[in-house]
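# Close look at the chain arrangement
One letter stands for each residue in the lines below.
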Amino acid sequence: MKILHIDSSPFINESVSRELSAMIVTELCSRHPEASVTYRDLGTTPPPHLSASAMSLLHNAQDVTITPELQAELDGIYQSIEELIACDVLVIGAPMYNHSIPSNLKAWLDQVCQKGKTFRYTPQGVVGLIPGKTAFVASSRGGVYSTPETLPHDFQEPYLASILELMGVADCHIIRAEGVSRQAIGREKGLAEGRETLLQILSN
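Think of each chain on its own: its residues are numbered from 1, step by step along the sequence as written. Only residues with pLDDT of 70 or above have their local features reported here, since the model is predicted, and side-chain atom pairs are shown and tallied only from 80 upward, although totals for entire chains, interfaces and linings are computed over all residues. Hydrogens are left out, water is left out, and the side-chain values use all remaining heavy atoms of the structure.

### What about the packing of helix α3 (residues 68-86) against helix α4 (residues 103-112)?
How we decide: Axes here mean lines fitted to C-alpha atoms, for a helix over just the part in contact, with angles spanning 0 to 180 degrees between N-to-C directions. Under the scheme used here, helices are H or I runs from DSSP no shorter than 4 residues and strands are E runs no shorter than 2 residues, and both carry numbers assigned from the N terminus. Convention used here: angles under 35 degrees read as roughly parallel, angles over 145 as roughly antiparallel, angles from 65 to 115 as roughly perpendicular, and any remaining angle as oblique. Throughout, a residue-residue contact means that at least one pair of heavy atoms, one from each residue, lies within 4.5 Å. Note that Gly is not counted as nonpolar here; it falls among the polar residues with everything else outside the nonpolar set of Ala, Val, Leu, Ile, Met, Phe, Trp, Tyr, Cys and Pro and the charged set of Asp, Glu, Lys and Arg.
Direction vectors running N to C along α3 and α4 enclose 85°, while the axes themselves pass 8 Å from each other. Viewed along their axes, α3 and α4 adopt a mutual orientation that is roughly perpendicular. Residues G76, I77, S80, I81 and L84 of α3 pack against W108, Q111 and V112 of α4. In terms of residue class, the contact of α3 with α4 is made up of five nonpolar, three polar and no charged.

Below is the structure:
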């Protein structure tokens, strides 16, 4: 088993999503001792946002001059795509920021979600090119966004599930720790609920 572990919070010791994603990877490795882990820390080493030149070249433009800066950007993009294609299990630490995801995680997704690489268009619609993988999203929220009243404000979990499905990763599990900033719930209870969800999924 090859695990690709992504963290995106800029916080280190205080990050709930990092603790939750590490919990998922640790549990997976305990059940699969042969597993190897590739780790990317987007929080401390954010990927660059796609440049116009890179987007043009990736979309098959023929008149783009490849400068050393553009080549370095392309090399990073291709490496990220290769890591994603090579993995069997994807673990993403994704805190909610302003009802959505951190911009560094969005930048990584914009890099790896490329036509002809991880999805393609057909007359019948979009087809994902990297099926057969399992994804675990370590979702952390300071508030509670899973109730009927707050669900319309959640552009974090539905977006991640949707963009992964676009690439063919339909087996996506949300491991959630929410309400971690609320006194009635808090960090420890939120993490405990996330762990309980994880163990239920892995026991099936």
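### Quick notes on the environment of P10
Defined as follows: Partly exposed describes any residue whose relative accessible area lies between the buried limit of under 20% and the exposed limit of over 50%, with all areas from a 1.4 Å probe on protein chains only and scaled to the type maximum.
Locating P10 in the fold gives a position in the loop between β1 (2-7) and α1 (16-31). On the basis of relative accessibility, which here comes to 43%, the residue P10 falls in the partly exposed class. Put simply, P10 and L42 are 32 residues apart on the chain and 7.9 Å apart in space, counted from C-alpha to C-alpha. Residues contacting P10, with those up to four places away along its chain left out, are G43 and Y97.

### What to know about unusual backbone geometry
Even without being glycine, N98 reaches a positive phi, approximately 50°. If you trace the backbone, N98 turns up in the loop between β3 (89-95) and α4. Residue class for N98 comes out exposed when judged on its relative accessible area of 77%. Phi at H99 is positive, roughly 75°, even though this residue is not glycine. You can see H99 is positioned in the loop between β3 and α4.

### Structural notes on the UniProt feature "domain: Flavodoxin-like fold" (unreviewed entry) in the protein chain
Basically, it comes down to this: UniProt positions are given in the numbering used here, feature names are shortened, and annotations may be inferred rather than shown by experiment.
The UniProt entry lists residues 1-200 under the feature "domain: Flavodoxin-like fold" (unreviewed entry), expressed in the numbering used here. A distance of 20 Å separates the end C-alpha atoms of residues 1-200, which is 38% helix and 22% strand.

### Details of the UniProt feature "binding site: FMN" (unreviewed entry) in the protein chain
According to UniProt, the positions carrying the feature "binding site: FMN" (unreviewed entry) are S9, S15, V16, S17, S140, R141, G142 and G143. As for its placement among the helices and strands, S140 is situated in strand β6 (residues 134-141). The buried category is assigned to S140, whose relative accessible area is 8%. If we ignore the near neighbours within four places in the chain, the residues touching S140 are V16, S17, A94, P95, M96, Q156 and A177. By secondary structure assignment, the location of G142 is in the loop between β6 and α5 (157-166). When its relative accessible area of 29% is taken as the criterion, G142 is described as partly exposed. G142 has contacts with G179, V180, S181 and R182, leaving out every residue within four places of it along the chain.

### A look at the state of the cysteines
Let me state the cut-off plainly: Pairs of cysteine sulfur atoms within 2.5 Å are identified as disulfides in what follows.
Counted under the stated rule, the structure contains zero disulfides. Looking at C29, it has no disulfide partner, and the nearest cysteine sulfur is the one in C87, 13 Å off. Distance from the sulfur of C87, which forms no disulfide, to the nearest cysteine sulfur (C172) is 12 Å.

### Description of the side chain of T122
Put simply, the rule is: Counted as a polar contact is a pair of N or O atoms within 3.5 Å, where, for protein atoms, one must be capable of donating a hydrogen and the other of accepting one, and residues adjacent in sequence contribute only when both atoms are in side chains.
One can find T122 in strand β4 (residues 119-122). The class for T122 is buried, based on a relative accessible area of 18%. Within the structure, the side chain of T122 is placed 2.6 Å from the backbone oxygen of G125, a separation counted as a polar contact.

### Looking at the packing of aromatic side chains
Short version of the rule: Classification of ring pairs rests on two measures: the distance between centres of Phe, Tyr or Trp rings, Trp counted by its six-membered ring, which must be within 6.5 Å, and the angle between planes, read as stacked under 30 degrees, edge-to-face over 60 and tilted in between.
With the rule as written, the count across this model stands at one aromatic pair. With a centroid separation of 5.5 Å and 85° between ring planes, the pair formed by F119 and Y121 is classed as edge-to-face. Judged by its relative accessible area of 7%, F119 falls in the buried class. We classify Y121 as exposed; its relative accessible area is 57%.

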